[in-house]
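Report on the structure
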Amino acid sequence: MSDRSVRFILVGGFLGAGKTTTLARLARHFIGQGRTVGIVTNDQAGNLVDTQLLREQGFPVNEVTGACFCCQFDELARQLEDLEQRVHPDVFLAEPVGSCVDLAATVLQPLLHRYGRRLRIAPYAVLFKPVHGLRILGSDTPASVPPGGFSPQAAYIFRKQLEEADVILVNRADEYSRQELQALQERISQQYPETPVLIVSAKTGQGFAEYLELLTQEGNFGRRLLEVDYDLYAAGEAELGWLNSTVELQADVPFSLDDWSVRLLQAIREELAQGAGEIAHAKVICLGELGFASANLVASASRVELGISCRVPTRRAACIVNLRAAASPESLEHALDVALRHCAHGMGIQATLTAHRALRPGRPQPTYRYRTPVASA
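Residues numbered from 1 in each chain as written. Predicted model: local features only at pLDDT ≥ 70, side-chain atom pairs only at ≥ 80, totals over all residues. Heavy atoms only, no water.

Let us now look at the overall build of the protein. Counting its regular elements, the protein contains 11 helices and 14 strands. The globule rule puts the C-alpha radius of gyration for 377 residues at 21 Å, and the 20 Å found for the protein is close to it. With the C-alpha coordinates of the protein rotated into their principal frame, the extents come out at 60 × 50 × 40 Å. Within the protein, contacts between residues separated by at least 24 positions form 80% of all contacts whose residues are at least 6 apart in sequence. Working note: accessible area of the protein is about 15100 Å², and carbon and sulfur atoms make up 46% of it. Averaging the positions of the 37 positive and the 42 negative side-chain charges in the protein gives two centres separated by 2 Å. (Helix = DSSP H or I, 4+ residues; strand = E, 2+ residues; numbered from the N terminus. Rg over C-alpha atoms; globule rule 2.2 N^0.38 Å. Contact = heavy atoms within 4.5 Å. Areas by Shrake-Rupley, 256 points an atom, 1.4 Å probe, with all protein chains shown as cover. Lys, Arg positive; Asp, Glu negative; His and termini not counted. Charge placed at Lys NZ, Arg CZ, Asp CG, Glu CD.)

Here is the key point about a regular strand: its side chains alternate between the two faces of the sheet. In terms of burial, strand 2 (residues 37-43) is largely enclosed, as 7 of its 7 residues are buried. Alternating positions in strand 2 separate into two faces, Val 37, Ile 39, Thr 41 and Asp 43 on one and Gly 38, Val 40 and Asn 42 on the other, with burial throughout. Pairing of strand 2 with strand 4 (residues 91-94) involves 4 bridges; the strand directions are parallel. By the bridge assignment for strand 4, Val 40 is matched with Ala 94. With 5 bridges joining them, strand 2 and strand 3 (residues 61-65) adopt parallel strand pairing. Paired with Ile 39 across the strands is Val 61, a residue of strand 3. (Buried < 20%, exposed > 50% of the residue type's maximum accessible area, 1.4 Å probe, protein only. Pairing = 2+ DSSP bridges.)

Taken in spatial order, the 6 strands make up an open sheet running 12-11-10-13-9-14, and their pairing is antiparallel. Strand pairing shows two members of the sheet lacking a second neighbour, strand 12 (305-308) and strand 14 (350-359), which therefore form its edges. Neighbour to neighbour, the strand axes of the sheet diverge by 20 degrees on average, direction disregarded. Sheet topology note: the strand 9 (residues 241-255)/strand 14 ladder contains 9 bridges and is antiparallel. Pairing of Asn 244 across the sheet is with Arg 357, part of strand 14. Where helix 10 (residues 257-273) meets the sheet, it contacts strand 9, strand 10 (279-288), strand 11 (292-297), strand 12, strand 13 (314-325) and strand 14, and its direction lies at approximately 155 degrees from that of strand 10. (Axes fitted to C-alpha atoms, helices over the stretch in contact; angles between N-to-C directions.)

All right, on to the nonpolar core then. If you look at the biggest cluster of nonpolar residues, it comprises 65 residues, and the most contacted ones within it are Phe 8, Phe 128 and Ile 188. Residues in contact with Phe 128, not counting those within four places in the same chain, are Gly 133, Leu 134, Leu 137, Phe 158, Leu 162, Ile 168, Leu 169, Val 170, Asn 171, Leu 184 and Ile 188. (Core = buried A, V, L, I, M, F, W, Y, C linked by side-chain atoms within 4.5 Å.)

This part is about the pattern of salt bridges. As enumerated under the stated definition, the model contains 15 salt bridges in all. Residue Glu 218 is joined to Arg 7 by a salt bridge in which the shortest nitrogen-to-oxygen separation is 3.1 Å. Here Arg 7 lies in strand 1 (residues 6-13) and Glu 218 lies in the loop between helix 8 (208-215) and helix 9 (230-238), a separation of 211 residues in the sequence. Judged by its relative accessible area of 3%, Arg 7 is buried. (Salt bridge = Lys/Arg side-chain N within 4 Å of Asp/Glu carboxyl O.)

Looking now at the environment of Val 40. Among the structural elements, Val 40 can be located in strand 2. For Val 40, a relative accessible area of 0% puts it in the buried group. Non-local contacts of Val 40, meaning those with residues more than four positions away in its chain, are made with Asn 62, Glu 63, Val 64, Phe 69, Leu 76, Gln 79, Leu 80, Leu 83, Leu 93, Ala 94 and Glu 95.

So, on to the side chain of His 281. If you trace the backbone, His 281 turns up in strand 10. In this structure His 281 comes out as buried when scored by relative accessible area, which is 12%. Of note is the side chain of His 281, whose polar atom sits 3.4 Å from the backbone nitrogen of Gly 16. Ignoring anything within four residues of it in the chain, the contact list for His 281 reads Leu 15, Gly 16, Asn 296, Leu 297, Val 298, Asn 322, Leu 323 and Arg 324. (Polar contact = N/O pair within 3.5 Å; in protein donor to acceptor, adjacent residues only side chain to side chain.)

The subject of this paragraph is the packing of helix 5 (residues 130-137) against helix 7 (residues 178-191). The N-to-C vectors of helix 5 and helix 7 enclose an angle of 50 degrees; their axes lie 11 Å apart at closest approach. With respect to their mutual orientation, helix 5 and helix 7 come out oblique. Note that helix 5 runs across helix 7; the crossing there is left-handed. Taken together, the residues of helix 7 that come into contact with helix 5 (itself represented by Pro 130, Leu 134 and Leu 137) are Leu 184, Arg 187, Ile 188 and Gln 191. Residues of the contact of helix 5 with helix 7, tallied by class, amount to 5 nonpolar, 1 polar and 1 charged. (Parallel < 35°, antiparallel > 145°, perpendicular 65-115°, else oblique. Left-handed = near helix turned anticlockwise from the far one by under 90°. Nonpolar A, V, L, I, M, F, W, Y, C, P; charged D, E, K, R; others polar.)

So, on to the pairing of strand 9. Pairing of strand 9 with strand 13, which is carried by 11 bridges, proceeds in the antiparallel orientation. Bridged to Thr 246 within strand 13 is Ile 320.

With that settled, consider helix 9. An α-helical turn contains 3.6 residues, so any two residues separated by three or four positions project in the same direction. For helix 9, every residue scored as buried is listed here: Tyr 230, Tyr 233, Ala 234, Gly 236 and Glu 237. Projection of helix 9 onto a plane perpendicular to its axis shows the buried side chains occupying an angular sector of 160 degrees, all on one side. The distance from a side-chain oxygen at the start of helix 9 to the backbone nitrogen of Asp 231 is 2.9 Å, and the residue carrying that oxygen is Asp 229. (Arc of directions from axis to C-beta.)

Okay, the packing of aromatic side chains next. Across all of its chains, the model carries 5 aromatic pairs by this definition. In textbook terms, an aromatic cluster arises when at least three aromatic residues are bridged by ring pairs, as seen for Phe 14, Phe 128 and Phe 158. (Phe/Tyr/Trp six-rings, centres within 6.5 Å; stacked < 30°, edge-to-face > 60°.)

So, in C-alpha cells, the structure goes:
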C-alpha cells in the first residue's frame, strides 16, 4: 500500500441488516465529492449477490470468500492492496459476513498494526436489524414486528456485534413509526449506554447526514476488544445454513426479471415455512441481456422487496441466489429446487443450475486476535 493515507470504513451488522445498501449509498456520496472508493465484500462461499450488485452499479469491488475477514485476514490485505494499485482509492468500504463478530480484535487492530497511519480507521458502525433485533433485546416489541427469531447462540452473536460498535445504526427507519423508532433508540441506549445510536434508512438516506458527519471524525476507533466465548460463537454460526447458487434462465418468450426475482423468493419462503426454518436473509440478482433486477427477504414473516427493477423483458438471464436461514444446508437445497421448478413452470422458463454451494459455517479461527489495542501513532 502506498504512503498516502486512505480512510477505511467497516460496516457490520447481522445478516439482512442492510450493509450492502449502506455501502452503495456511502460510495455514491464519496464519488459525488470527487473521491475514489474501493469496496471489499465478504462471504463464506463464492457466487455472492452483494459483489455482483455493487459491480453492476459501477463500483470497483473485490471480494474475500471461503471464510470471514478475520479468518482470511491475509487475503483481505491482498484485496485491499490490489484495489490500491488498480483504483488508488481515497476511501475503502468493507462489509464482513453478517454472522461474524470480534472484528475489532481480529480485523481492525491487525490492519492498524500492519498499515499504521496509512490506513485511517473510521468509527466502526454496526447496523441494527429491527425485525430480529427487537425480539433479541426484549419481548416488548411493536405490533409491526413479525414473529420469528433465532437460538440463544445466534442471539449471542447479535448482541456482541452491538457491544463492539463505535456507533449503532438502527436501519430501515422508513418502515417504522416515529414512536416505534424512539422507543427502540431508548431501548438500545439503555443496554449500550456508551455507544451513540443513530436512526437511519440506507434505502432513503434518512439520518445519513449525521452518520457521514461522524465518519469525518479522527480518533482511536475500532478499539472495543471483547471477551468472546468462541464455543457459543461457533454454535451460533453453525445454526445457520448457507446456500449460494447460480441459475441460467432461458425462455422462448421474453419474461420480467422483476417478476422472476420476487416470485422465486416468495416460493423459497413458502417452502422453508414448512420446516419452520427462520430466514436470516435471502437475496437474488438477475442479470439479463439489457439490465438487471434484485430482490431480498430479511425475515420469514417479512415481505419480499424488489431492490432494483429491470423494466426490459429478456429471454436469457443469469440468476444468483444467496440464502441464509436457521435450517440445514439440505433443507435450503430442497427449498431452492422446489422454488425453481415451481417458478419456471409458472412462467414458462427453463431454469438450469450451473453453480452451487450449500454449507454450515465452520468454527471461526482468526488469523490474528489482539488482546490489547495497537498503540496510537
